[in-house]
Amino acid sequence: VETVLNNWEKVDSANAKMLLGRFSYLFTKAQSPQVVVKPTKRYLGMEPVLSLKDSLGNDVYYYQENVFDDELYAEAMKAADKAIGLWPDRLDFRFMKANAYISYERESPDMALANLLSLVNDFNAGKEKWTYNGQPADDEFFASAMQEYCVSFYTLGTPGSYEAFRKLSEVMLGHYPDD
């Protein structure tokens, strides 16, 4: 896959599908599943994959989460940044980056929040004709997408994610008071 992407980049370094492919490949390669033990029945909005009792009769909860190779993750984000630099009006690339931040940061989505707040400001500046998967993206679509991010933050169920939920909600209410 790397050889194909590298050869494709030599031929057309500004191809959106190549950059999406590079991001997807590196982002996937950067992740490794890991089983972690937590003392609660929910962790990052997830149910345990397994629950057992320890020798004292206490419940032990096992969750699967992805651990990231930081170097590969950084390379994936460079591909996302290059795509956004070439096509700043494409919400699919912007959302791809926000989703990557949320997956990477998990409990404390600071970079995801900063990225989304910047996107809200960019979108509402009105300088771009925004698209999503090749289709025009209007205010209703954008507000709905931001509501989904609010749900994601809330579902994580951590103090940091609740704060991200609150901040993004407040900013969106400032732009869309009727939503």
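Structure report, in brief. Because the structure is predicted, anything quoted here is derived from the model rather than measured.

Notes on the overall build of the protein chain
Step number 1: Along the backbone of the protein chain there are 7 helices and 5 strands.
Step number 2: If you list the helices and strands of the protein chain from N to C, you get α-α-β-β-β-α-α-α-β-β-α-α.
Step number 3: Along the three orthogonal principal directions, the C-alpha set of the protein chain runs to about 60 × 50 × 20 Å.
Step number 4: Taking all 179 residues of the protein chain together, the buried fraction comes to 35%.
Step number 5: Residue pairs in contact within the protein chain that sit at least 24 positions apart in sequence constitute 61% of those at least 6 positions apart.
Step number 6: Summing over all exposed atoms, the protein chain offers an accessible surface of approximately 10400 Å²; the carbon and sulfur share of this is 53%.
Step number 7: Averaging the coordinates of the 18 positive side-chain charges in the protein chain and doing the same for the 27 negative ones gives two points 4 Å apart.

A few points about the environment of Phe-153
Step number 1: Tracing the backbone through its elements, the reader meets Phe-153 in helix H6 (residues 139–156).
Step number 2: For the pair Phe-153 and Leu-168, spaced 15 residues apart in sequence, the C-alpha separation works out to 9.4 Å.
Step number 3: With residues near it in sequence (within four places) discarded, Phe-153 still touches Ile-102, Pro-109, Ala-112, Leu-113, Leu-116, Ser-161, Tyr-162, Ala-164, Phe-165 and Leu-168.

Details of the side chain of Ser-161
Step number 1: Mapping Ser-161 onto the fold places it in helix H7 (residues 159–175).
Step number 2: Residue classification places Ser-161 among the buried positions, given a relative accessible area of 0%.
Step number 3: Excluding anything up to four places from it in sequence, Ser-161 contacts Glu-107, Pro-109, Phe-153 and Leu-156.

Let's talk about the sheet that holds strand E1 (residues 31–38)
Sheet strands associate in pairs through backbone hydrogen bonding, adopting either a parallel or an antiparallel arrangement.
Step number 1: Here 3 strands make up an open sheet; going across it, the order is E1-E3-E2 and the pairing antiparallel. Lying at the two open borders of the sheet, with one neighbouring strand each, are E1 and strand E2 (50–53). Strand-to-strand twist of the sheet, defined as the mean angle between neighbouring strand axes without regard to direction, takes the value 30 degrees.
Step number 2: Relative to strand E3 (residues 59–68), E2 runs antiparallel, the two being bridged by 4 bridges. When the bridges of E3 are listed, Leu-50 appears paired with Tyr-62.

Quick look at the nonpolar core
Step number 1: In this structure, Phe-23, Phe-142, Met-146 and Leu-168 are the most contacted members of the largest nonpolar core, which totals 50 residues.
Step number 2: Only helix H2 (16–30), E3, helix H3 (70–86), helix H4 (91–105), helix H5 (110–125), H6 and H7 provide two or more residues apiece to this core.
Step number 3: Apart from residues lying up to four places away in sequence, Phe-142 is in contact with Leu-91, Leu-119, Val-120, Phe-123, Asn-124, Met-172 and Tyr-176.

Rules used throughout
Residue numbers here run from 1 along each chain, matching the order of that chain's written sequence. Given that this is a predicted model, residues contribute local features only at a pLDDT of at least 70 and side-chain atom pairs are listed and counted only at 80 or more, while totals for whole chains, interfaces and linings are drawn from all residues. Heavy atoms throughout the structure, all of them, feed into the side-chain values; hydrogens and water do not. Helix and strand definitions here come from DSSP, where helices need a minimum of 4 consecutive H or I residues and strands a minimum of 2 consecutive E residues; each element is numbered from the N-terminal end. When accessible area is computed with a 1.4 Å probe and restricted to protein chains, residues below 20% of their type maximum are described as buried, those above 50% as exposed, and intermediate ones as partly exposed. Whether two residues are in contact is decided by their heavy atoms, any of which lying within 4.5 Å being enough. Here, Shrake-Rupley sampling with a 1.4 Å probe gives the accessible areas, and only protein chains in the shown set may cover a residue. Charge counting follows a simple rule: Lys and Arg are positive, Asp and Glu are negative, and His as well as the terminal groups are ignored. Charge positions are represented by NZ for Lys, CZ for Arg, CG for Asp and CD for Glu. Strand pairing is assigned whenever DSSP detects at least two bridges linking the two strands. Only C-alpha atoms enter the line fits that serve as axes; for helices the fit covers just the stretch in contact. Angles between N-to-C directions range over 0 to 180 degrees. Among buried residues, those of type Ala, Val, Leu, Ile, Met, Phe, Trp, Tyr and Cys that are joined through side-chain atoms within 4.5 Å constitute a nonpolar core.

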